[in-house]
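# A look at the structure
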Amino acid sequence: LFNTGQGLNRVQHCPSVRKLMSNLLLTTQKEANAPWVGLSVIHLGDRDVPNALIFIDKYTQIPRFLNPLADFISKIPDLCHDERTRQYIESQFGSADNLKMMVLADYFKHGFDGSGDDGGSCIDGR
């Protein structure tokens, strides 16, 4: 057991999972066909992600913070069915599409900038 800053955890290196994740990252980088932005570190078996179970737990949380964003973006057109809401959106953002782009731009500007780093989470894209 090791105190990782997230409590006492069993640190286990998990070479098979690390190899699989490294291969997935390499494939994704190649398919992106653009310069990779961000780190290419797979934390597994260290202080940040002590073992495979914590790795799974951390990454299964991603839908919990992306779903509200996706739901809001997909419902913007429905909001515009109400005349007063549509007028508000148009007066503040120019259009429903501008609102979508503003929300997405803000999220992608700040959602992966590392500001969510708690010393143990690499979900924020550090």
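The sections below set out a description of the structure shown in this document.

Conventions and cut-offs
Residue positions are given per chain, counted from 1 along the sequence in the order it is written. The model is predicted, so local features are restricted to residues of pLDDT at least 70 and side-chain atom pairs to those at 80 or more, both for listing and for counting; the totals for chains, interfaces and linings are taken over all residues. With hydrogens and water excluded, all non-hydrogen atoms of the structure serve as input to the side-chain values. A carboxyl oxygen of Asp or Glu within 4 Å of a side-chain nitrogen of Lys or Arg is what we treat as a salt bridge. Numbering of helices and strands runs from the N terminus; a helix is a DSSP stretch of H or I covering at least four residues, while a strand is a stretch of E covering at least two. To estimate the expected span of a helix, subtract one from its residue number and multiply by 1.5 Å. By the criterion applied in these results, polar contacts are pairs of N or O atoms within 3.5 Å in which, for protein atoms, one can donate a hydrogen and the other can accept it, and in which residues neighboring in sequence qualify only through two side-chain atoms. Only protein chains enter the accessibility calculation, which uses a 1.4 Å probe; a residue whose area is less than 20% of its type maximum is buried, one above 50% is exposed, and one in between is partly exposed. Contacts are residue-level and defined by heavy atoms, with any inter-residue pair within 4.5 Å sufficient.

### Description of the pattern of salt bridges
Applying the stated criterion across every chain, the model contains 2 salt bridges. The partner of E83 in a salt bridge is R86, and the shortest N-O contact between them spans 2.2 Å. Of this pair, E83 and R86 both sit in helix α4 (residues 83–93), separated by 3 residues, roughly a single helical turn. Close ionic contact of E90 with R86 constitutes a salt bridge, the shortest N to O distance being 2.7 Å. Note that E90 and R86 are positioned in helix α4 at a spacing of 4 residues, about one turn of the helix.

### Points about helix α1 (residues 15–32)
End to end, α1 covers 25 Å across 18 residues, agreeing with the expected 26 Å (1.5 Å per residue, within 8%). Once α1 ends, the next one or two residues include N33, with phi positive near 55°.

### Some words on the environment of H43
Tracing the sequence through the fold places H43 in the loop between α1 and α2 (52–60). In this structure, the C-alpha to C-alpha distance between H43 and R18, residues 25 residues apart in sequence, is 8.3 Å. Within the structure, H43 has its side chain in polar contact with the side chain of D46 (distance 2.7 Å).

### Looking at unusual backbone geometry
Positioned with a positive phi, C14 is a non-glycine residue whose angle comes to about 55°. The backbone of N33 shows a phi angle near 55°, a positive value even though the residue is not glycine. Its place among the elements puts N33 in the loop between α1 and α2.

### Observations regarding the side chain of T4
When you line up the elements, T4 lands in the loop between β1 (2–3) and β2 (8–9). On the accessibility criterion, T4 (1% relative accessible area) is buried. A distance of 3.1 Å separates polar atoms of two side chains, one belonging to T4 and the other to N9. Not counting residues within four places of it along the chain, the set of residues in contact with T4 comprises N9, V11, R47 and P50.

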